[in-house]
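Residues per chain, in single letters:
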Amino acid sequence: MAAKLAQAGKKVVVLEAGRPVTTNFMWSSLIWGRRIHSTPLPPLTSGEEPLSLNLNFAWGTGGSAAHHFACWFRLHEDDFTYKTTYGVGLDWPFTYTDLRPYYDQIQAEVGVSGDDDTDIWTPPHAPYPDPPLPILAQGKTLKRGFDALGIPTSPTPQAILSRPKGERAACILDGWCAAGCPIGALANPQVTYLRDALLAGATVINDAYVTRVLTNAAGDRAIGVEFFDAAGARQQVDGKVIALGAYAIENPRILLNSASSAHPHGLANSSGLVGAYMMTHIGGQIFGLFKEETKPYMGRTGGELWSQADYTSDENRNGYIGGYQWLGATAAKPNDLLGICMMRPDLFGKPLDDFLKTASHHLVSNTALGNDLPVEANRVTLSDQKDVHGFPLAQVTHGFGLNQIKMREAALKKGQEIMQAAGAYDVWTNPKADQHIMGGAIMGGDAQASVTDGFGQTHDVPNLVILGSSVFPTSAAVNPTFTIHAVTLRTVEHVIADWANIA
Amino acid sequence: MILTAEQSALLEAVGEVLLPGARDAGIANFVDVQLGRDDPMLMVRYFDWPGNLTDFYTRGLAALDKASKADNGAPFARAAPEQQTALMRKFLDDKVPGWDGPPAPLFYLAVRGDVVDVVYGTVEGFKRLDIPYMPHILPKEQW
């Protein structure tokens, strides 16, 4: 958003709650790498299946995209028409055909590696601009299992360069993605659109903690935002268009905290749906140990091998409404939350030591990532607890329905079959590996049933635009960052084209 | 120093039970240094713990010692190895009798994560596992 607006000649100010993060800050260590993860102000999480928040959060320039693993997939056509097709969930206010040009433009600008020959699932699309990244020892071992069961696979499409692009280097497959990629192979904002924004004249203010969006007295125009600076002083910056991209939990929190006499229940909340429909991706992990050397410390944190053979949400086929994809052969170092140590949390003492010494050389992992259904009761509300400035923290409640639980069970069963078919001598599972956060300010065509329109403009305050996965009406079963980019590009092009009416 | 000498000694004893080598690798120093930072690089930050991190560790250590005295009739550091192991097995299932610290599974996973950090999460740790470190940017300090 900032890059395209600045390139269009608009004066752009980006307020970032956290510290400056450059690629020089991305040290190859999963201890030091925690500096680009999480937040010092964690929201409160609850419910039958609480959302995992801090792994997804960030507190610095580039936000969570600075540490994302760059698994870039497109939503399928039926993800946009879920309610119409399957009778549950919601529909988007546009179709895949509408969004496709933006996906295509983004992948050309950023660089996405993939294999058009073996990717049989992605809807019609421009060819991948970069050749696929290689399948290494771990991926080859896992592929044996998929092949034995007749399940097709493809190299994982990733916004990770397989060949140099400008000043950005190609990936050297060393598995440090989770600590941040300082060489520019992985498309973190520092080397893509944030860089473009700065080159085009945008200003980034760090340590600027936004608390409220401010409106005129009538409440029909946003006039600026309130924030607190590093010294704790209240500041205000005014603007003609306010774009709120504070992540899926904080966006609704800021809107709810922006209540005024014109918007007594929170800004842009005439529908009562600000905070509603919080979603995650239900996950399940399958692990195996092999006699051969698999070198799991190599590769990409997001994995090498991918399959959407079980993506369809057809209840008649599955016995549940929902679909999932496989993200196989993820690179793992010994420590950290996604490290090898957490793959057997029950072990300690000498058994843990023995496991780490073995698994660091012989482990294979495979992850099922499935969709969540939008449920109004899964939502962000304001807590009784407050931040240092006196504003209520977010309270997030989330649970899965029976469909998703059934799907996870089915995926874990099939994943074990794949691992055994690959020749593992020891197979086990981790039933809870949920990831990503979406919803909370969903887009839709009906102002009574959504927070924004199809361009992210809030129904109540048209010059207030919501960015990021907040606006997703459905989660789909794919990592969200590519779609966030595409939807944002569609939004910003509309804002620029209709600037005279919106600003 | 954030932790007292007694708390550091207890943390080392717990660390040794969780992963042999934790004491020599510097578990007490690691946690103490991190708790003194504005931005502690401890794995517990991923666990959505809403409270103060120093309290998390000090309350957890106190509760552990109390549980050991109740279970084994001795502080954790002076309990027999098999008693220490038996007590530790109760954490993940949240079955520690009389536990009054932060959630027991969370405390176990956090400290367990810390000991893996210091024993195997560094350049020297990778050597001990015989895996290549391959840094883009080598950390200036191990933590």
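Residues numbered from 1 in each chain as written. Chains lettered and ligands numbered in written order. Predicted model: local features only at pLDDT ≥ 70, side-chain atom pairs only at ≥ 80, totals over all residues. Heavy atoms only, no water.

Visitor: Just checking my understanding: could you explain the interface of chain A and chain B for this structure?
Guide: Quoted interface sizes are often the accessible area lost when the parts come together. Contact residues are listed per partner, giving 48 residues for chain A and 43 residues for chain B. A buried area of about 4000 Å², summed over both sides, lies between chain A and chain B, and 65% of it is on carbon and sulfur atoms. There are two salt bridges connecting chain A and chain B. A salt bridge links Asp117(B) to Arg34(A); the nearest nitrogen and oxygen atoms lie 2.7 Å apart. Our enumeration of links across chain A and chain B arrives at 23 residue pairs in polar contact (both at pLDDT 80 or more). Secondary-structure elements contributing two or more residues to the side of chain A that touches chain B are strand S2 (44–46) and helix H8 (350–362) of chain A. The biggest single contributor to the side of chain A that touches chain B is H8(A), with seven residues. In the side of chain A that touches chain B, the residues fall into 24 nonpolar, 13 polar and 11 charged. (Contact = heavy atoms within 4.5 Å. Buried area = accessible area lost by both parts, 1.4 Å probe. Salt bridge = Lys/Arg side-chain N within 4 Å of Asp/Glu carboxyl O. Polar contact = N/O pair within 3.5 Å; in protein donor to acceptor, adjacent residues only side chain to side chain. Helix = DSSP H or I, 4+ residues; strand = E, 2+ residues; numbered from the N terminus. Nonpolar A, V, L, I, M, F, W, Y, C, P; charged D, E, K, R; others polar.)

Visitor: What am I meant to see in the pairing of strand S6 (residues 222–228) of chain A here?
Guide: Residues in a regular strand point their side chains to alternate faces of the sheet. Residues and elements named next belong to chain A. Of all seven residues in S6, six are buried, a share of seventy percent or more. Pairing of strand S5 (residues 209–215) with S6 involves six bridges; the strand directions are antiparallel. Residue pairing for S6: Tyr-209 is matched across the bridge by Phe-228. Between S5 and S6, which pair antiparallel and follow one another directly, the connecting turn spans six residues, one of which, Gly-219, has a positive phi of 80°. In the sheet, S6 pairs with strand S7 (residues 234–238) via five bridges, with the strands oriented antiparallel. Bridge assignment links Gly-224 to a residue of S7, and that residue is Asp-238. (Buried < 20%, exposed > 50% of the residue type's maximum accessible area, 1.4 Å probe, protein only. Pairing = 2+ DSSP bridges.)

Visitor: What should I look at first to understand the packing of aromatic side chains in this one?
Guide: Centre distance and the angle of the planes are the two values used to describe a pair of aromatic rings. Inspection of every chain in the model, using the stated rule, returns 30 aromatic pairs over all chains. With a centroid separation of 5.1 Å and 75° between ring planes, the pair formed by Phe91(B) and Trp99(B) is classed as edge-to-face. No difference in accessibility class separates Phe91(B) from Trp99(B), as the two residues are buried. Residues Trp99(B) and Phe107(B) carry aromatic rings whose centres are separated by 5.8 Å and whose planes lie at 45° to one another, so their mutual orientation is tilted. As far as the burial class goes, Trp99(B) and Phe107(B) line up, both buried. Within the aromatic cluster, the residues linked to one another by ring pairs are Trp72(A), Phe80(A), Trp92(A), Phe94(A), Tyr96(A), Tyr103(A), Phe472(A) and Phe482(A). Here the guanidinium or amino end of Arg35(A) rests over the ring plane of Trp27(A), the centre of that ring lying 4.4 Å away. (Phe/Tyr/Trp six-rings, centres within 6.5 Å; stacked < 30°, edge-to-face > 60°. Lys NZ or Arg CZ within 6 Å of the ring centre and 35° of its normal.)

The analysis is restricted to geometry; functional conclusions fall outside its scope.
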